[in-house]
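# Structure assessment
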Amino acid sequence: MAVNVRRGLEIPEPSDYSSCEDDDVSYYTDLQQPDNNLPESARVINKLLNNLVDSAWEVISKQEKIKRDEEAARQIPVLNATKEMKLPGRTNSIVSSDDGLYLFLGHTHSLSVISTSTLTCVRTWQDERVEITSISCASLGNATHLLFTVDDMGIARLFVHHMENIYLIKVINETEDINQRNICAKFEVSRSGDFGAAVMTCKFPIKIWKCNIRLKIQLIVSTTDSLMLLWYIINEASGLVWLDVYRFPIDVWLKELETKQATQTQQTTEAKLSPVILLMKIKPPEIPTGTSLKSPSEVLQKTEEGTIIGSGQNHFISSRQWENQDAAFKKRFMKYLSSSSAMTLQQKAEGPSNCTCHFLLREGFHSMPGEAEAARDIPIAVCLWWNGSYNLLQYLLLKTLKEKDSEPRPDVLWPNSQKILCSAISACTQFVVLGLDGQLVTIWDRRFGCPYANIVIPGDGAICRMKLLLQSQSVTQLFQDPFLPTLQLVLTCRSGACYSVTAGRGGDTCTVALIERPAGPGSSVTIAEPVPFLKFLILLMQRNGQVSIWKTEDCAPVFILNLPPTHVLGSLREPVCLLEPVQQKLYITGDRKTPLVEATDRNKDESALFIFSFSECTLMDRYRVTCPAVSEKETRATLSDLEEACNLYFKERADSWKKRNRNLAFQWEQLSKRDIK
């Protein structure tokens, strides 16, 4: 390889001599002087780059100034509580009547009734041995309300509020021997007050809890033996959960209250009325075992008696086939089962330990077999699911006597692809929303008996709570288009994330992440609920105590709700609040900030009820819905017969053919772009 070497070029010897006589004087007096030593082309490029940077910096500075001015111009408004009311003690639950005129609060040792017009306590029921943890209400009209409470000991009580008085009607799980009393986990009541359902458990779980405390002490000595004993106890206790469904003689009670009103005084706290009727006792579905049927004709005969297909019952599989199938499965997937044996044991030990139910009104085009005639607002069925189950089961409430069985069997089964984690229903009970494992949401349409929409929620957190609302701006369109309403869902995940979903039939959905990944535990969402009387606004409560109202379109808060500096939310993890749509008010309970020593003393609880009146806030006029207080009767599109339903359906199809053609063309265009060659 040739190397070009210039002759006569000598490398100077290294020297310590410096050309500058004084190093302190060796500096540039002009900042541009170093550039003068560069070639002319480099100096031109350097000057152009400097000008470009200066102009870009000037543009960025202007944009930042405009952005700061806009943020300063639109500061998030802070709303303070309109009114405040002192409470007698710590409040665990709060509900309101349908007209919003009364509030019912469950306290540590009492149950109080508050008039919202005067903010005064009109009546109180007290018992020092009771701490009410949950309360539900059903309005009967004429200032009469049914109240169902559950205390910390699992005792369910039935009260009636009539003419400014409270009467204890019945203790649901009352027994002569207190040791034999069952525990009520929760109580649900229909809006009309005709039916109620109580999730009952045997008293055995208390023994498990006591045994668990002893096991914790023994864990240091023998951890393995204690854990195995605990798993054995829980496994033996599985199946001790059931659902009791009651019917209340409302009409008879109202007549009895009118006759007793003249004889009873204000000091009377109990009233003996007609007994409650136990309709059915629903137990968790049994695990399918070997059949006792001998021919397929017997299976068909059993199915014709009312047992639905898909429940796993009345099949034609022998015990030997179950054993062979189980052995083949374990042999094929042994390496997976061995690595997850602990999880399998845990899942087996859990079992069905809880139940969630909803009462359903009449819906659909035809009557089901065995269904009796009922008024429009009286429930005809109850749907429920057990934890860890894939299926939503539906039981008819109004059956003829000849079709009642000693063991209730489901009349409808709604299958799902994943385990059910949470559920919600619309006010008209036409739509049932299920939050499934794997961030899946399925909306069932009871009118057609098929899924209305299937939605996949981003993220990796399991769905734990959801709220459903028929979008109020389309209420007027509900009568013209009863088949394709728009639903708004607000979902909360265990990770603290919150999503708003707008769903329509045929995959027309839009998912917006309000808080996708909380910055810390304090920013996790504890309560998320759509505001029915404010368009596209959602109420959010976070674990750090912040209460705000967010706009779904901007994914940002538009209002901040502040409590007085002397109070904080009563419970940061489970705030006690109520959003009342008729009076357009938000009720929040707060506790006074006290030292730690005083906070542990329950006798010194200083709780207060704070009221935010949205109807008096002029800043919310731009978001206000014209007709927010739409009753349940008005939102239900009544269809008298099958002919009217078909006519409305064909009319809707004829009116929407242009939109469907545009959607079809768009879908074909998307497929052509993603064509695999």
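Parameters at a glance
Residues numbered from 1 in each chain as written. Predicted model: local features only at pLDDT ≥ 70, side-chain atom pairs only at ≥ 80, totals over all residues. Heavy atoms only, no water. Salt bridge = Lys/Arg side-chain N within 4 Å of Asp/Glu carboxyl O. Buried < 20%, exposed > 50% of the residue type's maximum accessible area, 1.4 Å probe, protein only. Helix = DSSP H or I, 4+ residues; strand = E, 2+ residues; numbered from the N terminus. Pairing = 2+ DSSP bridges. Axes fitted to C-alpha atoms, helices over the stretch in contact; angles between N-to-C directions. Patch = residues over 30% accessible without salt bridge, like charges linked within 9 Å, V, L, I, M, F, W, Y side chains within 5 Å. Areas by Shrake-Rupley, 256 points an atom, 1.4 Å probe, with all protein chains shown as cover. Disulfide = S-S within 2.5 Å. Core = buried A, V, L, I, M, F, W, Y, C linked by side-chain atoms within 4.5 Å. Contact = heavy atoms within 4.5 Å. Polar contact = N/O pair within 3.5 Å; in protein donor to acceptor, adjacent residues only side chain to side chain. Expected span 1.5 Å × (residues − 1). Arc of directions from axis to C-beta. pLDDT = per-residue confidence, 0-100.

### Brief notes about the pattern of salt bridges
Under the criterion given, the structure shown has six salt bridges. Here arginine 157 ties to aspartate 151 by a salt bridge, and the two come within 2.9 Å at their closest N and O atoms. Residue arginine 157 shares its accessibility class with aspartate 151, and that shared class is buried. Between lysine 551 and glutamate 553 there is a salt bridge, with the nearest N and O atoms lying 3.8 Å from each other. By relative accessible area, which is 14% here, lysine 551 ends up buried.

### Quick look at the pairing of strand β15 (residues 355-360)
Looking down a regular strand, the side chains alternate between one sheet face and the other. A large share of β15 lies buried, amounting to six of its six residues. Burial along β15 is two-sided: the face carrying Cys355, Cys357 and Phe359 and the face carrying Thr356, His358 and Leu360 are both buried. Where β15 and strand β16 (residues 381-386) come together, six bridges link them in antiparallel fashion. Each residue of the ladder has a partner; that of cysteine 355, found in β16, is tryptophan 386.

### What to know about the environment of histidine 161
Relative to the helices and strands, histidine 161 resides in strand β9 (residues 156-162). Under the relative-accessibility criterion, histidine 161 is labelled buried at 0%. Note: C-alpha distance between histidine 161 and phenylalanine 104 (57 residues apart in sequence) is 9.8 Å.

### Considering the sheet that holds strand β21 (residues 440-445)
With antiparallel pairing, four strands are arranged side by side in an open sheet as β19-β20-β21-β22. Among the strands making up the open sheet, the edge pair consists of β19 (420-425) and β22 (450-456). Along the sheet, successive strands turn relative to each other by an average axial angle of 20°, direction set aside. With six bridges connecting them, β21 and β22 associate as antiparallel partners. Pairing of valine 441 across the sheet is with isoleucine 455, part of β22.

### Digging into the sheet that holds strand β11 (residues 183-189)
Read across the sheet, four strands follow the order β11-β12-β13-β14 without closing on themselves; strand pairing throughout is antiparallel. In the strand order of this sheet, the two ends are held by β11 and β14 (277-282), each with one partner. Strand-to-strand twist in this sheet, taken as the mean axis angle between neighbours without regard to direction, amounts to 25°. Two elements, strand β12 (residues 195-201) and strand β13 (residues 241-247), share seven bridges in a ladder whose sense is antiparallel. Looking at the pairing, glycine 196 lines up with tyrosine 246 of β13.

### Details of a nonpolar patch on the surface
Taken together, the side chains of Ile45, Leu49 and Leu52 make up a nonpolar region of the molecular surface, amounting to roughly 300 Å² of accessible area. Of note, leucine 49 is situated in helix α2 (residues 40-73). Judged by relative accessible area, leucine 49 falls into the partly exposed class, the value being 48%.

### A look at the state of the cysteines
Within this structure, the stated rule accounts for zero disulfides. Free of any disulfide, cysteine 383 has its nearest cysteine sulfur in cysteine 357, 7.9 Å distant. Cysteine 510 takes part in no disulfide bond, and the closest cysteine sulfur to it belongs to cysteine 555, at a distance of 8.9 Å.

### Brief notes about the nonpolar core
Considering soluble globular proteins, one finds that nonpolar side chains tend to be buried as a cluster. Judged by nonpolar contacts, the single largest core of 26 residues is most densely connected at Ile549, Leu561, Leu586, Ile588, Phe612, Phe614 and Met620. Listed by contribution, the elements that provide at least two residues to this core are β28 (537-542), β29 (547-551), β30 (556-562), β32 (577-580), β33 (585-592) and β34 (607-613). Among residues more than four places away in sequence, those in contact with leucine 586 are Leu539, Leu561, Leu578, Leu579, Phe610, Ile611, Phe612 and Phe614. Grouped together as the second largest cluster of nonpolar side chains are 25 residues, Leu140, Ala198, Met200 and Trp253 included.

### Describing the side chain of glutamine 439
By the secondary structure assignment, glutamine 439 is in the loop between β20 (431-436) and β21. For glutamine 439, the side chain forms a polar contact with the main-chain oxygen of glycine 461, separated by 3.4 Å.

### As for helix α5 (residues 250-261)
Along an α-helix, a turn takes 3.6 residues, which lines up residues three or four apart on a common side. The first and last C-alpha atoms of α5 sit 16 Å apart over twelve residues, in line with the 16 Å expected at 1.5 Å per residue. Among all positions of α5, only Ile250, Trp253, Glu256 and Leu257 are buried. Considered in projection along α5, the buried side chains sweep an arc of 120° and stay on one side of the axis. Across α5 from its buried face, at more than 90 degrees, point the exposed residues Asp251, Lys255 and Thr259. Against the buried residues of α5 lie β8 (144-151), β9 and β10 (165-171).

### Remarks on unusual backbone geometry
Backbone geometry places threonine 429, a non-glycine residue, at a positive phi of 60°. By secondary structure assignment, the location of threonine 429 is in the loop between β19 and β20. Look at glutamine 584: it is not a glycine, yet its phi comes out positive at around 55°. Accessibility expressed as a relative area gives 10% for glutamine 584, which makes it buried.

### Notes on the side chain of glutamate 131
The topology assignment puts glutamate 131 in the loop between β6 (120-126) and β7 (132-139). Owing to a relative accessible area of 12%, glutamate 131 belongs among the buried residues under this scheme. Polar contacts involving the side chain of glutamate 131 include one to the side chain of asparagine 92, which spans 3.4 Å.

### As for the confidence of the model for the protein chain
Of all residues in the protein chain, 68% have pLDDT values of 70 or greater, and the mean over the chain is 75. Counted against residues more than four places away or in other chains, residues 204-239, with its pLDDT under 50, gives 21 contacts. Scored below 50 in pLDDT, residues 472-480 makes eleven contacts in the model with residues more than four places away or belonging to other chains.

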